[in-house]
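Remarks on the overall topology
Each chain is listed here by its residues.
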Amino acid sequence: MCGHQNHRPCSWQRRAPVWPLTSSRHGLTVTSDARRRPLLTEPPCTLSRSSSELQEKAATLLGVERTLFVPTNTMANLISVMCHCQRRGSQLLLGQECHLHVYEQGGVAQIAGVHSHPLPDLPHGTLDLAELESMVTRGHGSPYHPVCELICLENTRSSSGGRVLPINYLRQVRLLAQSFGVRVHVDGARLMNAAVALHVPPARIVEHCDSVSLCFSKGLGAPVGALVGGPKDFIEGAWRLRKALGGGMRQAGVLAAAALVGLADAEEVLLRDHQNAQRFAQGLQELASPICSVDLAAVETNMVMVRVHGLAPRELCRRLQAVSADEAAQTGRAVRVLLSPWSERSVRAVWHRDVSAQDTELALRKWGFVLRQLRALRTG
């Protein structure tokens, strides 16, 4: 997050922030919807008008029969795995750095009894297809190995800096899975970013999987919420699991109203985020500092992975957050850029609807100031 005098804050955190209300449009929508009482519709669901509208619009957008609104994308992924892998000890194949494996507390094992087997990630965020096939076939007919029931992909790939999985790769994974009776789930927390980057409707991506999740509280800017999408019978099972996991809410309509706002202008907002991220990456490269580097070809959506050389990323983050009179005198404005280290040698910047082009230029100016400081310390 960067903040400057007489300007609103903007986020530069390693993950998209969750604000109580991310914009005045969300605030107005939530306020107007809060007075609506839930309406009983087809059993077994109790929905407000907003959540019903959201689920119907999302189903059309994603090209699936049904969707189900849930509190978080972590719950959406867990529900999907539980629907697909109903035998205890079933095997799930996924990338070793994907969000479902690293950041969701192993819920598929501790709650669903599913054995997840991580595979090495290729630089683009894909998996080696030959290795994937080898692992899928290993358990077939073997009394010693778990039987693979599901392959999980993440699109876009967070740990790869928001890389987009190519359509042809998705098609190949789906064909491989189908030939062995295995299903495919896509963790689509940032699926809309992928669709905008590929210039295709989201349904073109989703057609290559059996189920999908979508998060509303990242690039789409809603305060909370996600959904699961898939066939009608799959979503009926998902509804029961949502109830069991504590995800059914009488207040769903209030939250769904904000998600509808996020969907309404998603393409325009996400395209702007991508452009701002690319402008930042280009500007950082133009600084030509030996301390920081970025791979421009890897900046495909709203993230920039910055490699840090000869300096602890935590120290770089500390300097980007600090403000001083010296900075104001040199640049005309004191700016805070809030970042967290992503790894021992990198930081990650993430754009969303509340980070403007002006904010991006201010962050670049601050970055240049910090790099000049560091160069002076080394040469002085």
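Rules used throughout
- Residues numbered from 1 in each chain as written.
- Predicted model: local features only at pLDDT ≥ 70, side-chain atom pairs only at ≥ 80, totals over all residues.
- Heavy atoms only, no water.
- Core = buried A, V, L, I, M, F, W, Y, C linked by side-chain atoms within 4.5 Å.
- Buried < 20%, exposed > 50% of the residue type's maximum accessible area, 1.4 Å probe, protein only.
- Contact = heavy atoms within 4.5 Å.
- Pairing = 2+ DSSP bridges.
- Helix = DSSP H or I, 4+ residues; strand = E, 2+ residues; numbered from the N terminus.
- Axes fitted to C-alpha atoms, helices over the stretch in contact; angles between N-to-C directions.
- Polar contact = N/O pair within 3.5 Å; in protein donor to acceptor, adjacent residues only side chain to side chain.
- 1 Å grid on protein atoms, 1.4 Å probe; cavity = no way out; pocket = protein on both sides within 12 Å on 5 of 7 lines; lining within 4 Å.
- Points joined across faces, edges and corners; volume = space filled by probe spheres on them.
- Salt bridge = Lys/Arg side-chain N within 4 Å of Asp/Glu carboxyl O.
- Parallel < 35°, antiparallel > 145°, perpendicular 65-115°, else oblique.
- Left-handed = near helix turned anticlockwise from the far one by under 90°.
- Nonpolar A, V, L, I, M, F, W, Y, C, P; charged D, E, K, R; others polar.
- Arc of directions from axis to C-beta.
- Phe/Tyr/Trp six-rings, centres within 6.5 Å; stacked < 30°, edge-to-face > 60°.

To continue, consider the nonpolar core. Leu54, Leu132, Ile151, Leu153, Ile205 and Phe216 are the most contacted members of the largest nonpolar core, which has 49 residues in total. When neighbours within four sequence positions are excluded, Phe216 is seen to be in contact with Leu54, Phe69, Gly221, Ala222, Val224, Gly225, Ala226, Leu227, Ala259 and Leu263. Within the second largest apolar cluster, 30 residues are counted, among which are Val304, Leu316, Leu364 and Val370.

Moving on: the sheet that holds strand 4 (residues 66-70). The strand order across the open sheet formed by seven strands is 4-10-9-8-7-5-6, and the pairing between neighbours is mixed. Of all the strands in the sheet, the pair left with one neighbour each is strand 4 and strand 6 (115-119). Taken over all neighbouring pairs, the strand axes of this sheet differ in orientation by 20 degrees on average, direction set aside. For strand 8 (residues 183-188) and strand 9 (residues 211-215), the ladder comprises four bridges, and the chain directions are parallel. For Asp187, the partnering residue across the bridge sits in strand 9 and is Ser213.

This next bit is on the sheet that holds strand 11 (residues 292-293). Taken in spatial order, the four strands of this open sheet run 11-12-15-14, and their pairing is antiparallel. Every other strand in the sheet has two partners, leaving strand 11 and strand 14 (341-343) as the edge strands with one partner each. With five bridges connecting them, strand 12 (residues 303-308) and strand 15 (residues 346-350) associate as antiparallel partners. Bridge assignment links Val306 to a residue of strand 15, and that residue is Val347.

Before going further, it helps to examine the environment of Asn302. Assignment of secondary structure puts Asn302 in the loop between strand 11 and strand 12. For the pair Asn302 and His352, spaced 50 residues apart in sequence, the C-alpha to C-alpha distance is 7.4 Å. Beyond its immediate sequence surroundings of up to four residues, Asn302 is in contact with Arg190, Asn193, Asp273, His274, Ala277, Ala349, Val350 and Trp351. In this structure the side chain of Asn302 is engaged in a polar contact, spanning 2.9 Å, whose partner is the backbone oxygen of Trp351.

Let's shift gears to empty space enclosed by the protein. All chains considered together, the criterion is met by three cavities of 30 Å³ or more. Within this model, the largest cavity holds a volume of roughly 50 Å³. Lining the largest cavity, in full, are Gly95, Cys98, Gly125, Thr126, Leu127, Cys152, Leu153, Glu154, Arg157, Leu165 and Tyr169. Element by element, the count of residues in the lining of the largest cavity is highest for strand 7 (residues 148-154), at three residues.

This brings us to the side chain of Ser211. Assignment of secondary structure puts Ser211 in strand 9. When its relative accessible area of 1% is taken as the criterion, Ser211 is described as buried. Within the structure, the side chain of Ser211 is placed 2.8 Å from the side chain of His185, a separation counted as a polar contact.

Right, let's get into the pattern of salt bridges. For side chains bearing opposite charge, pairing can occur when the charged atoms are close. Per the counting criterion, the structure on display carries 13 salt bridges. Put simply, Arg87, Glu149 and Arg183 are held in one network by salt bridges that share partners.

Our next topic: the packing of helix 13 (residues 313-321) against helix 15 (residues 357-379). Helices that pack against each other are described as a pair by the angle of their axes relative to one another and the distance between those axes. At a closest axis distance of 9 Å, the pairing of helix 13 and helix 15 adopts a crossing angle of 120 degrees. Taken as axis vectors, helix 13 and helix 15 run oblique relative to one another. As helix 13 runs across helix 15, the sense of the crossing is right-handed. Along the contact surface, helix 13 presents Leu316, Arg319, Leu320 and Gln321, while helix 15 presents Lys366, Trp367, Val370, Gln373, Leu374 and Leu377. When grouped by side-chain class, the residues that make up the contact of helix 13 with helix 15 number six nonpolar, two polar and two charged.

Every buried residue belonging to helix 13 is among Pro313, Leu316, Cys317, Arg319 and Leu320, and all of these are buried. Angularly, the buried residues of helix 13 cover 165 degrees about the axis, an arc narrow enough to put them on a single face. In this structure, the buried side of helix 13 is in contact with strand 11, strand 12, strand 13 (335-337), strand 14, strand 15 and helix 15.

Tallying each qualifying case throughout the model produces four aromatic pairs. Ring geometry for Tyr103 versus Trp342: centroids 6.4 Å apart, planes at 40 degrees, classification tilted. Placement of Tyr103 in the loop between helix 4 (99-102) and helix 5 (107-110) and of Trp342 in strand 14 is noted, with a sequence separation of 239 residues between them. The interplanar angle of 75 degrees and the centroid separation of 5.4 Å between the aromatic rings of Phe280 and Trp367 together place this pair among those described as edge-to-face. Here Phe280, found in helix 12 (residues 266-286), pairs with Trp367, found in helix 15; they are 87 residues apart in sequence, far enough to count as distant. Accessibility classification places Phe280 together with Trp367 in one group, the buried group. An aromatic cluster is built from Phe280, Trp351 and Trp367, whose rings are joined through pairwise contacts.

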